[in-house]
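# Structure at a glance
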Amino acid sequence: MEILTIVLAGLLSLTSSGGTILDSVAAHRIKSQIISSQKQAIRIDNTPNYQIAQGKLSKVRIAARDLKVKPNLEIAVLELETDPLDVDLAKLNFNNIGELRESLKQPLQGAGKLVLTEANLNQALESPEILAKLSKNLNRLIARRAGSTNIAYQLRDLQVALLPANRLRVKFKLNRPVNNFEVDETAKGSLSRPSRELAIALELKIRVFKGKTIRITEPQGTVNGRPMSSRLLNGFAEGISDRLDLDSLQADGILARVLQLEIDEDKLKLVGFLKLETKGSQLSSKEIKAIP
């Protein structure tokens, strides 16, 4: 959603141009919202042009290559295409999803393609902000599986390797004070000895079911060089998969679907669809079933 927010902010700032819409002007406005982009093509369809001053756009198509949004966030390929947009400019606010929905006069929807290289992913994983969020989610998952709230691991040295056939290899370390260590019997001894550092290596496959659920399957892994139990691995895979259920976004008025997910040795490609409902509106079961 952050990328979509940047694009919308850039496009809707065109209202200050007195209703004149030029693709070159749009490109300049959007490019000012990001750090850099090697290639960027923007196409805006709007008839009549003066409707931009009313918050209306017929269609927006964007294609960017080697896009740098933050110092640690780079995207190899980004392509977006929207359906017509109709926004109440007086209410427009990008602070959160609820406020953005408040400004919509009609649902916002579009499709996009995102391509990330292995280097893109690992550079992003060096971000303290991303590591902090991942640590928080991982500790919640461990606490739920261990049945204890006294969990405080610190995640570091996280690296991802892209493999053929939609597989990933993930390596990371978990640090935790010795005196707070709890024994985890499900690991069959591999996690039961006090240690200041756990070196974890995982290999797994990612699959998409019905476009709405991203599942972790066929997990394998070691802790400090010793094999992890299948019970522990399957438990964590199930817990992560539960958090990747896109139907959970419907409570916030978001309908999202993964149309394609491919991973090979060079890149990760994701093609998806997103619809954001207006405030107070709910997604109907007919709309949900209509999405492939």
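Residues numbered from 1 in each chain as written. Predicted model: local features only at pLDDT ≥ 70, side-chain atom pairs only at ≥ 80, totals over all residues. Heavy atoms only, no water.

Turning our attention to a positive patch on the surface. A surface patch of like charges, here positive, comprises Lys136, Arg140, Arg144 and Arg243. Here the positive patch takes three residues from helix α5 (residues 128-146), the largest share from any one element. Taking relative accessible area as the criterion, Arg144 reaches 51% and is therefore assigned exposed. (Patch = residues over 30% accessible without salt bridge, like charges linked within 9 Å, V, L, I, M, F, W, Y side chains within 5 Å. Areas by Shrake-Rupley, 256 points an atom, 1.4 Å probe, with all protein chains shown as cover. Salt bridge = Lys/Arg side-chain N within 4 Å of Asp/Glu carboxyl O. Lys, Arg positive; Asp, Glu negative; His and termini not counted. Charge placed at Lys NZ, Arg CZ, Asp CG, Glu CD. Helix = DSSP H or I, 4+ residues; strand = E, 2+ residues; numbered from the N terminus. Buried < 20%, exposed > 50% of the residue type's maximum accessible area, 1.4 Å probe, protein only.)

Here we come to the sheet that holds strand β10 (residues 213-223). Ordered by their spatial adjacency, five strands build an open sheet running β7-β8-β9-β10-β11, and the pairing between neighbours is antiparallel. The open sheet is flanked by β7 (154-163) and β11 (226-227), the only strands paired with a single partner. Inspection of the sheet shows strand β8 (residues 167-175) paired to strand β9 (residues 197-209) by nine bridges, in the antiparallel sense. Along β9, the bridge assignment pairs Lys173 with Ala199. The strands touched by helix α6 (residues 230-243) are β9 and β10; relative to β10, the strand with the most contacts, the crossing angle is about 150 degrees. (Pairing = 2+ DSSP bridges. Contact = heavy atoms within 4.5 Å. Axes fitted to C-alpha atoms, helices over the stretch in contact; angles between N-to-C directions.)

Here we take up the confidence of the model for the protein chain. Averaged over every residue, the pLDDT of the protein chain is 77; the share at 70 or more is 68%. Within the protein chain, helix α2 (residues 23-31) has the poorest average pLDDT of any element, 48, and β11 the best, 94. This stretch, residues 180-193, has a pLDDT under 50; its non-local contacts, to residues over four places away or in other chains, come to 27 contacts. (pLDDT = per-residue confidence, 0-100.)

Attention now moves to the packing of aromatic side chains. Counted according to the given criterion, the structure contains zero aromatic pairs. The lysine or arginine in question, Arg215, covers the ring of Phe209, its NZ or CZ lying 6.0 Å from the ring centre. (Phe/Tyr/Trp six-rings, centres within 6.5 Å; stacked < 30°, edge-to-face > 60°. Lys NZ or Arg CZ within 6 Å of the ring centre and 35° of its normal.)

Our focus in this paragraph is unusual backbone geometry. Although it is not a glycine, Ala165 adopts a positive phi angle of roughly 60 degrees. Assignment of secondary structure puts Ala165 in the loop between β7 and β8. At Glu218, a position not held by glycine, the phi torsion is positive, near 50 degrees. Looking at the secondary structure, you find Glu218 in strand β10.

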